[in-house]
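Results of the structural survey
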Amino acid sequence: MSILSRSWFVALTAAVVLSVGTARAEEKLVEPPKKVEKVLGAPVVKLLGGCTKVETFRIDPVVSTERGKEYICGYKIVGHGKEEGKDYAVRLTNVLYSEATYFGATAKCFEPGVAFRIWCDKEWVDVVVCFTCTNLAIFDGKGKEIAETHGGFGGTASEGALIKLAKEAFPDDKAIQGLKEEKK
């Protein structure tokens, strides 16, 4: 092998090793436990199973009777995060499929600041999250509440995962970036 060919081979090998070493493995969609299926209902579980993208929103924590393009589930949209793809949608769905996300203590405040709209073709599910009291509410595409946690994800792996997802969606938001992924 000539010196030039050897240089190309070394450079190509280094590029492949570097790209494989830094590539993130695509997360696989998990099956929801029966207890979670019961909370969400079969239509929502089926919809989430085919999720393709997620829109992310910062919302005013005070619910309103207003509706329209500037509102999501009755909360005024005050900012937009990045639109996320299928891998992000799968990671968010896996959190929603986890028992750790539900069945906790009673709600304390429910003043949400983040909303996720999970899309599957032309249908969606909205997830409204309060990181202060670690509650969330899930709504169908018509704005009807499907499920609500009551302090369900505080202190669990679901809390850390939801915070991490919010940080990815809002990299320039100081309040979101200041959330601690591991609470004691």
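Because the structure is a prediction, the values reported are computed rather than measured.

1. Points about the state of the cysteines
All chains considered together, the criterion is met by 0 disulfides. As a non-bridged cysteine, Cys-130 has Cys-133 as the owner of its nearest cysteine sulfur, 3.4 Å distant. With a relative accessible area of 0%, Cys-130 lands in the buried category.

2. Topic: the pattern of salt bridges
Tallied over the entire structure, the rule returns 7 salt bridges. The partner of Arg-58 in a salt bridge is Asp-173, with the nearest N and O atoms 2.7 Å apart. Here Arg-58 is found in strand 1 (residues 53-63), whereas its partner Asp-173 is found in the loop between helix 5 (157-169) and helix 6 (174-177), with 115 residues between them in sequence. Grouping residues by exposure puts Arg-58 and Asp-173 together as buried. In this structure, Arg-117 and Asp-126 form a salt bridge, with 2.7 Å as the shortest nitrogen-oxygen distance. Under the relative-accessibility criterion, Asp-126 is labelled buried at 2%.

What counts, and where the lines are drawn
- Residues numbered from 1 in each chain as written.
- Predicted model: local features only at pLDDT ≥ 70, side-chain atom pairs only at ≥ 80, totals over all residues.
- Heavy atoms only, no water.
- Disulfide = S-S within 2.5 Å.
- Buried < 20%, exposed > 50% of the residue type's maximum accessible area, 1.4 Å probe, protein only.
- Salt bridge = Lys/Arg side-chain N within 4 Å of Asp/Glu carboxyl O.
- Helix = DSSP H or I, 4+ residues; strand = E, 2+ residues; numbered from the N terminus.

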